[in-house]
Amino acid sequence: MRNHDHQIDHWRREGAVVLRDFFTPDELAPVVDDMEAMYGHLRPTDAGGHTELEPALARAKQFEHIHDMPFPASPAVNLLGLHPALIATARAALGTDDVRLYQNHTWAKFTGQTDFDQPHHCDFKNHTLTVPGERAVERTINFMIYLTDVTDAHGAIHYVPLSASDPIVGHDRMSFANTADGTLQRLIEVEHSGAAPAGSVFAYGIDVYHRGTNLTAPGAHRFTITASYKAAGNDQIGWSAWPRWFREPWEQVMNHATPEQLTCLGVPAPGDPFWTELTLHRTSARWPEMDLTPYRLALRAKPA
Ligand SMILES: O=C(O)CCC(=O)C(=O)O
Ligand SMILES: [Fe+2]
């Protein structure tokens, strides 16, 4: 367990918490290598080029270097968002042992690529068609994993704890903070910075006002992974149906993930009635390198 009860309590109350030094340098190093392999060649050559961009294009370019799981690199980057310590934190936060990873992407930002400044918003707009639920089990916990040091000059996320945003927005928690009535400015006045060293994790919910900020350090980059969890059975929340991208390198996940990690992607756990001799046979034909031993053993252990 790498989270502490007081941090979970803080997240429950305030909707956001910085988990400093969650991952070790040894865990990060191969993931950073993967990120360099995926994104390193995309570093902009003209650091001042973005100042000429149309606002709509400048905004679109913020999301230029995002890639959904699975990632065309090693198992290290593919499995960090499914790290057992993150799963444990999600379980504690959502108050259930049965959690699902519903969003997992890598994101590279480079100084000079565009202006990364955003207005305050809550992410529920593209995670649900309604609004965040009030019960713990209806919430989501969204982890932004810092693979590189994130200072304010590296575009740290800025956020407003719920106790500070509630008096400003009251019941009117719109996805984008209102600019015309001064709400946006008032949120900016009380915002916190999520700046923290590499290995830290910013955990927040889809009901928390936050905004991306620009990278200003010369020649700098910010590598992150976003891993978002919900309780199993919470059909309100979604982002991607994992099988949709079946041509992508799923073997990096399927051949290396544990049953606990695969359960977070919706693969039935060992012992689930889904697993029969036939489904095992067919799954093994689909993923020849996948270790199905725990599933086989659980099936054989069942009374006939
Ligand atoms: O990358 C960040 O720091 C925040 C981005 C963000 O909040 C968003 O695009 O919804
Ligand atoms: Fe956001």
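Residues numbered from 1 in each chain as written. Chains lettered and ligands numbered in written order. Predicted model: local features only at pLDDT ≥ 70, side-chain atom pairs only at ≥ 80, totals over all residues. Heavy atoms only, no water.

Asker: In this structure, what is going on with the overall build of the protein? I would like to understand it.
Answerer: When you go through the protein residue by residue, the secondary structure sums to 11 helices and nine strands. Its C-alpha atoms give the protein a radius of gyration of 20 Å, near enough to 19 Å, the size a compact globule of 304 residues would have. Considering only C-alpha atoms, the protein reaches an extent of 65 × 45 × 30 Å along its principal axes. Looking at the protein residue by residue over its 304 residues, the buried ones come to 50%. Put simply, of all contacts in the protein between residues at least 6 apart along the chain, 86% involve residues at least 24 apart. With an accessible surface of roughly 14300 Å², the protein has 55% of that area assigned to carbon and sulfur atoms. The positive charge centre, built from 25 side chains, and the negative charge centre, built from 37, are 6 Å apart in the protein. (Helix = DSSP H or I, 4+ residues; strand = E, 2+ residues; numbered from the N terminus. Rg over C-alpha atoms; globule rule 2.2 N^0.38 Å. Buried < 20%, exposed > 50% of the residue type's maximum accessible area, 1.4 Å probe, protein only. Contact = heavy atoms within 4.5 Å. Areas by Shrake-Rupley, 256 points an atom, 1.4 Å probe, with all protein chains shown as cover. Lys, Arg positive; Asp, Glu negative; His and termini not counted. Charge placed at Lys NZ, Arg CZ, Asp CG, Glu CD.)

Asker: Sorry, what's going on with the sheet that holds strand β8 (residues 210-211) here?
Answerer: One key point about sheets: their strands pair by backbone hydrogen bonds, in either a parallel or an antiparallel sense. Ordered by their spatial adjacency, three strands build an open sheet running β6-β5-β8, and the pairing between neighbours is antiparallel. What marks the edges here is a single partner per strand, and that holds for β6 (192-193) and β8. Bridge count between strand β5 (residues 158-159) and β6: two bridges; the pairing is antiparallel. Pairing of H158 across the sheet is with S193, part of β6. (Pairing = 2+ DSSP bridges.)

Asker: Looking at this structure, I do not really get the coordination of the iron ion (ligand 2). What am I missing?
Answerer: The expected angle between donors at a tetrahedral four-coordinate metal is 109.5 degrees. At an octahedral six-coordinate metal it is 90 or 180 degrees. Taken together, H121 (NE2), D123 (OD) and H210 (NE2) make up the full set of protein donors to the iron ion (ligand 2), lying 2.1 to 2.2 Å away. In the primary sequence, the donor residues of the iron ion (ligand 2) line up as H-x1-D-x86-H. One end of the pair, H121, is in the loop between β3 (99-110) and β4 (140-146); the other, H210, is in strand β8, and 89 residues separate them in sequence. Comparing H121 with H210 shows no difference in burial state: the two are buried. (Donors = N, O, S within 2.8 Å, 3.2 Å for Na, K, Ca; no water.)

Asker: Help me understand unusual backbone geometry, please; the structure alone is not making it clear to me.
Answerer: Note: most peptide bonds trans; most residues except glycine with negative phi. The omega angle of the peptide bond from M69 to P70 is 0°, so this bond is cis rather than trans. By the element assignment, P70 lies in the loop between β2 (66-68) and α4 (75-79). Phi is positive for D21, close to 50°, though the residue is something other than glycine. Tracing the sequence through the fold places D21 in the loop between β1 (16-19) and α2 (25-39).

Asker: Could you clarify how one ought to interpret the sheet that holds β3 in this entry?
Answerer: On the basis of which strands lie adjacent, the open sheet formed by six strands has the order β1-β7-β4-β9-β3-β2 and antiparallel pairing. The strands lining the two open edges of the sheet, one partner per strand, are β1 and β2. Averaged over all pairs of adjacent strands, the angle between their axes in this sheet comes to 20°, without regard to strand direction. Sheet topology places β1 next to strand β7 (residues 201-204); four bridges connect them, and they run antiparallel. What sits directly across from V17, in β7, is A203. On the sheet, α2 packs against β2, β3, β4 and β9 (221-231) and is oriented at approximately 60° with respect to β3. (Axes fitted to C-alpha atoms, helices over the stretch in contact; angles between N-to-C directions.)

Asker: Any chance you could explain the packing of aromatic side chains here in plain terms?
Answerer: A ring pair, where both rings are aromatic, is described by two values, the distance of the centres and the angle of the planes. A complete count under the given rule lists nine aromatic pairs for this structure. Measuring from ring centre to ring centre gives 5.1 Å for F202 and Y204, while their planes differ by 20°; the resulting arrangement is stacked. For F202, a relative accessible area of 0% puts it in the buried group. Relative accessible area serves as the criterion here: at 5%, Y204 is assigned to the buried category. Counting every residue linked through ring pairs, the aromatic cluster contains Y159, F202 and Y204. It is K109 that lies over the ring of W107; its NZ or CZ is 4.5 Å from the centre. A cation over an aromatic ring shows up here: R139 above the ring of W11, its NZ or CZ 4.4 Å from the ring centre. (Phe/Tyr/Trp six-rings, centres within 6.5 Å; stacked < 30°, edge-to-face > 60°. Lys NZ or Arg CZ within 6 Å of the ring centre and 35° of its normal.)

Asker: Which parts of the structure should I look at to understand the pairing of β7?
Answerer: A regular strand places its side chains so that they alternate between the two faces of the sheet. Of the two faces of β7, the one carrying V201 and A203 and the one carrying F202 and Y204 are both buried. Where β4 lies against β7, four bridges are found, and the strand directions are antiparallel. Directly across from M144, in β7, lies its bridge partner F202.

Asker: What's the story with the pattern of salt bridges in this structure? I'm lost.
Answerer: It is possible for side chains bearing opposite charge to pair when their charged atoms get close. Overall, the coordinates contain 12 salt bridges when judged by the stated rule. Across the salt bridge formed by E27 and R2, the nearest N and O atoms sit 2.8 Å from each other. Of this pair, E27 sits in helix α2 while R2 sits in the segment before α1 (5-14), placing them 25 residues apart in sequence. What makes R2 partly exposed here is its relative accessible area of 28%. Note that D123 is salt-bridged to K125, the shortest N-O span being 3.9 Å. Classification of K125 by relative accessible area gives partly exposed; the value is 35%. Three or more residues are tied together by salt bridges with common partners; here these are D117, E191 and R211. (Salt bridge = Lys/Arg side-chain N within 4 Å of Asp/Glu carboxyl O.)

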